[in-house]
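One-letter residues, chain by chain:
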Amino acid sequence: MTGHMKTKILIVAYPTQGHINPSLRFANRLVKLNVDVTYCTSVSVIRRIDIQSTHHGLTFVPFSDGNDNGIQPTTIWQQFFLDFSTNGASAVAEIISSAATAGQPFDHVVYSSGVPWAAKVANAHGLESSLLWCQAAIVLNIYYYYFNGYQDLISCNNNNPTFPIDLPGLPSLTIADLPSFMLPSCLKEHKFILEFMKDHVDVLKISPRILVNTFDELEVEAMKAIEKLVVLPVGPLVPSEFLDGNGLSYDSIGCDLFEKPVEDYIKWLNAKQKSSVVYVSFGSLATLSIEQVEEMASGLVESGRPFLWVIRDGDQVGKLSKIEELKKQGMIVSWCSQVEVLTHEAIGCFVMHGGWNSTVEALVAGVPTVVFSQWSDQAINAKMIEDVWKTGVKVKRREGDGMVERKEIKRCVQMVMEDEEMRRNAEKWRELARQALGNGGSSAVNLQAFVDDVQDKTIIYKNGQDEHVKKGFESQES
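First things first, this report covers the structure right here in the doc. All of these numbers come straight from a predicted model, not from anything done at the bench. Positions within a chain are numbered from 1, following the residues in the order the chain's sequence is written. Only residues with pLDDT of at least 70 are given local features in this predicted model, and only at 80 or more are side-chain atom pairs given and counted; all residues enter the totals for whole chains, interfaces and linings. Hydrogens and water are ignored here; the side-chain numbers use all heavy atoms of the structure.

### Observations regarding the pattern of salt bridges
Each salt bridge in this description consists of a side-chain nitrogen of Lys or Arg and a carboxyl oxygen of Asp or Glu lying within 4 Å of one another. All told, the structure shown has 13 salt bridges when counted by the stated rule. The partner of lysine 383 in a salt bridge is aspartate 387, with the nearest N and O atoms 3.0 Å apart. Of this pair, lysine 383 and aspartate 387 both sit in helix H14 (residues 378-388), separated by 4 residues, roughly a single helical turn. Judged by relative accessible area, which is 9%, lysine 383 ranks as buried. Arginine 398 is the salt-bridge partner of glutamate 405, the closest N and O atoms lying 3.1 Å from each other. Bridged by salt links that share partners, the residues Arg398, Asp401, Glu405 and Lys407 form one connected network. Helix and strand assignments follow DSSP, with helices taken as H or I runs no shorter than four residues and strands as E runs no shorter than two, numbered in order from the N terminus. Any residue under 20% of the maximum accessible area for its type is buried, any over 50% is exposed, and the rest in between are partly exposed; the area is computed with a 1.4 Å probe on protein chains only.

Here it is in structure tokens:
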């Protein structure tokens, strides 16, 4: 590559909120390092990105995944995955070929979690690739171990939630802490996801480098657990508003896959005392049963504290029996800017599902949490929050039906709002996260090393020695 030409990187992202926002922020940081970035995902997502506010140097290339209005209620997840994989693989192959034909070839492909096929497509075109992992590093390690020697141990004991699972280099875990796809309680329509994760682990043999939305200090053990993988933490991949107080600024491009009604929750928060409000939100995919929503409502009322609660389903709000009492004590909205809310000084605690983006955002905002995990990686995130980072608690479920009762919600909220040590820990992690992204910080250094590495066409192995990799990988079927 000639000296004056920009490095060209193609990013392929899975089209759900939890993958789009971190991968967009990653793209933005690459552009700041003078990389020419092409961002590729479904038409339905690109339509919702405010392209006017994004950087020059970031090009959007949408493709039809067969579900151009987004995931339909009638589309089962497995079919959606299949459509996205099939249509995506041929679209990405075409994008790579066209760029090469036009004399402007890509130097590297970065693919988000959920898109393992992109590594095969890149390899078939003689391009190296890196995985942008949008969950915690420990979650990737668990999947890696599951498919490399531990599947039988886990499968034989997965009906016993308290059975201890000791994986090399990781904290002590139990069956209950593992990703939900490994458990018998996993919904039938989600069973296929475990096979999909196997694809992720398998393609790491093509390219063992993983860029993770985390930072060194947060997951020290997980970074070093598997020697065969090159793990580079480049996070936290959060909007600029979280970082402005530290003199850091990254443009806050992002995408919200939901409508944004105008509800003046900030005015409402402004009238509240510092650290007095409980913020409640369960992410973009989780939906609680009406019975569980009622228990949550009662627990919040009984906690006696003001709350801001995001409930996307208007029908559920209409069915709540305590609606008048709730409106006196708190505010219910169908959408809010999580960045604006978490960085508001009135917020004292975040009741959440434990998705990785929300977990990282809470850590960077320095807000302690109550974790009510639902599925996927959320149980392990909850464990890390309670036992390792010590910035919150996880709720205890009722035996039999798994319901979280009102008295448990009240207990957890009061505990987190009143615990000074948790608050101090949350503030400690906030500072460490900001340092990681600052000049000379671990994540800033790792990101620059990745860019330099793509330019130099080398892979830096963990032993600190450079090993030049020939581009003549055996071409795999894409």
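### Some words on the environment of isoleucine 76
Tracing the sequence through the fold places isoleucine 76 in the loop between strand E3 (58-63) and helix H3 (77-101). Look at isoleucine 76 and you get exposed, because its relative accessible area is 55%. A sequence separation of 114 residues divides isoleucine 76 from histidine 190, and the C-alpha atoms of the two residues are 9.5 Å apart.

### Side note on helix H9 (residues 290-303)
By this rule the span expected of a helix is its residue count minus one, scaled by 1.5 Å. Between its first and last C-alpha atoms H9 spans 20 Å; for 14 residues at 1.5 Å apiece the expected length is 20 Å, and the two agree. The element H9 is extensively covered by neighbouring structure, given that 11 of its 14 residues are classed as buried. Buried within H9 are the following residues: Gln292, Val293, Glu294, Glu295, Met296, Ala297, Ser298, Gly299, Leu300, Val301 and Ser303. Any two residues whose heavy atoms approach within 4.5 Å are treated as being in contact. If you follow the buried residues of H9, they end up packed against strand E10 (277-281), strand E11 (307-310), helix H10 (314-319), helix H11 (323-329), strand E13 (347-352) and helix H15 (406-418).

### Topic: the pairing of strand E2 (residues 36-42)
Along E2, 6 of the 7 residues are buried, which leaves the element largely enclosed by surrounding structure. Sheet topology note: the strand E1 (residues 8-12)/E2 ladder contains 5 bridges and is parallel. When the sheet's bridge partners are listed, leucine 10 is paired in E2 with threonine 38. A crossover counts as right-handed when, viewed with the strands pointing away from the observer, the path leading from the first strand over the helix to the second turns clockwise. Each parallel crossover has a hand, and for E1 linked through helix H1 (residues 17-32) to E2 it is right-handed. The sheet contact formed by E2 and E3 spans 6 bridges and is parallel. When the bridges of E3 are listed, threonine 38 appears paired with threonine 59. Two strands pair under a simple rule: DSSP has to find at least two bridges between them.

### Considering unusual backbone geometry
Glycine aside, a negative phi is what most residues show, and trans is what most peptide bonds show. The amide bond that connects glycine 235 to the next residue, proline 236, takes the cis arrangement and shows omega of 5°. Considering the arrangement of structural elements, one finds proline 236 in the loop between strand E9 (230-233) and helix H8 (265-270). Despite not being glycine, asparagine 34 shows a phi value in the positive range, around 70°. Here asparagine 34 shows up in the loop between H1 and E2. On the accessibility criterion, asparagine 34 (48% relative accessible area) is partly exposed.

### As for the nonpolar core
We call a set of buried residues a nonpolar core when its members are Ala, Val, Leu, Ile, Met, Phe, Trp, Tyr or Cys and they connect through side-chain atoms within 4.5 Å of each other. Membership of the largest hydrophobic core comes to 106 residues, with the highest contact counts inside it found for Tyr143 and Leu308. Counting residues in hydrophobic clusters, the runner-up holds 30 residues, among them Ile332, Val351, Val413 and Val416.

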